[in-house]
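Report on the structure
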Amino acid sequence: MNKHSADATTAEEALAIQENLDSNMATEVAMKNTLLTPRFYTTDFDELDAVDVSHIKSEWDPLIERMLSDPNKGHFKKNDDWDQVDWDNMEPQLKKEFIDFLISSCTAEFSGCVLYKEMKRRGSNKEITQLFQLMARDEARHAGFINDALREAGVAVNLGFLTQKKKYTYFRPKFIYYATYLSEKIGYARYITIFRHLQENPQHRFHPIFKWFEEWCNDEFSHGEAFALLMKADPKLTRGINVWWIKFFLTAVYATMYIRDHQRPAFHAALGVDPDWYAHEVFTKTSKLSKQIFPITLDIDHPRWKKGLLNIQKANQDLADAKAKGRKLAQLTSSIRAGLAFVMLFTVPSKKHSVPSVTRLEPAY
């Protein structure tokens, strides 16, 4: 019997199962590098390896123990709950947007796997390498599972090719912490919001992969907890001028999500979800969760916040249209408008709060 990536105990084993299962179209989409597409990251692995978690072991050890127990082993594969999908007769725009969603999600999950696996390979710090090995295992399973869904549509991402050929972006470890922490927590908020919505409205579950979102987002939640503790291990990362960096990443991640979701109107209509409602719901959840480690949250109810989101989304749409038509001046003006809209978002006053002494949280939504 062939082994499935869901049963793999390491990232390397999961990825080996996925080798040579690809399509050129999906891989080309995954290879793109834009402001809105998932990127591959590299960092200063020596600095990361030097992190000392000895003073937060009371929170670190229970998290590692839970991840070692591997509650989702064997979960991310098709079973009797996997309904047959009629890809040939799916509404064309929905099919296009949903495939784009799956490729983007697969690339994002695999991006985490590549970074985490490299830290495991390069590091010698037992606590840090163990954590990154466990997170790489989870992300490899997620990427493999999404590829299973894509293959039914006749496409798949060549994960091995991406590892070798996709451009890598260097981020200092603290920027990796901010960006990846938010990516994992907003991923949890996104998946659990969709999962709960479809529990109440199963008529909108147009694909079976959504049934797996609860366990999936709980992995995301655990990874976010890990990055919260990595930041707690070095308190200066959430103080002083670094608070401005936190605000920058909060603004960038929220704005990117808003723009990307508004590029998939048919996808959200099929789910029965209004993108503006969905964005506010996800931002609310993520803001509540991030209070565990960040000393500020964004004021997402401020009048300038919604206006800024609308402006940046419209500028991005106009930029895409100008690029498609080869209109250089329109590209420049749209880029300037997008930049000004981001400044509007960034200058909305943030909300300050006290960070709790105990960082660890459990999934509550």
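Conventions and cut-offs
Residues numbered from 1 in each chain as written. Predicted model: local features only at pLDDT ≥ 70, side-chain atom pairs only at ≥ 80, totals over all residues. Heavy atoms only, no water. pLDDT = per-residue confidence, 0-100. Helix = DSSP H or I, 4+ residues; strand = E, 2+ residues; numbered from the N terminus. Salt bridge = Lys/Arg side-chain N within 4 Å of Asp/Glu carboxyl O. Buried < 20%, exposed > 50% of the residue type's maximum accessible area, 1.4 Å probe, protein only. Expected span 1.5 Å × (residues − 1). Phe/Tyr/Trp six-rings, centres within 6.5 Å; stacked < 30°, edge-to-face > 60°. Lys NZ or Arg CZ within 6 Å of the ring centre and 35° of its normal.

Digging into the confidence of the model for the protein
Per-residue confidence for the protein gives a mean pLDDT of 89; residues scoring 70 or more make up 88%. Element-level pLDDT for the protein is lowest in helix α2 (residues 24-31), with a mean of 49, against a maximum mean of 98 in strand β3 (residues 296-297).

Focus on the pattern of salt bridges
Tallied over the full model, the rule gives 22 salt bridges. Between K351 and D299 there is a salt bridge whose closest N-O contact spans 3.9 Å. With K351 in strand β4 (residues 351-352) and D299 in the loop between β3 and α13 (303-325), this pair connects stretches of sequence that are 52 residues apart. According to the relative accessible area criterion, D299 is buried, its value standing at 15%.

Looking at helix α10 (residues 242-261)
An α-helical turn contains 3.6 residues, so a residue and the one three or four places further along point in the same direction. For α10, spanning 20 residues, the distance from its first C-alpha to its last is 29 Å, which sits close to the expected 28 Å at 1.5 Å a residue. Here α10 lies mainly inside the structure; 15 of its 20 residues are buried.

Quick look at the packing of aromatic side chains
Scanning the model with the defined rule gives 43 aromatic pairs in all. For the pair F171 and F249, a centre-to-centre distance of 6.1 Å together with 85 degrees between the ring planes defines the contact as edge-to-face. With F171 in the loop between β2 (168-170) and α8 (173-200) and F249 in helix α10, this pair connects stretches of sequence that are 78 residues apart. Judged by relative accessible area, which is 22%, F171 ranks as partly exposed. The buried category is assigned to F249, whose relative accessible area is 7%. Here K185 stacks its cationic end above the ring of F221, 3.4 Å away from the centre of that ring. Just above the ring of F346 sits the side chain of K247; from NZ or CZ to the centre is 5.3 Å.

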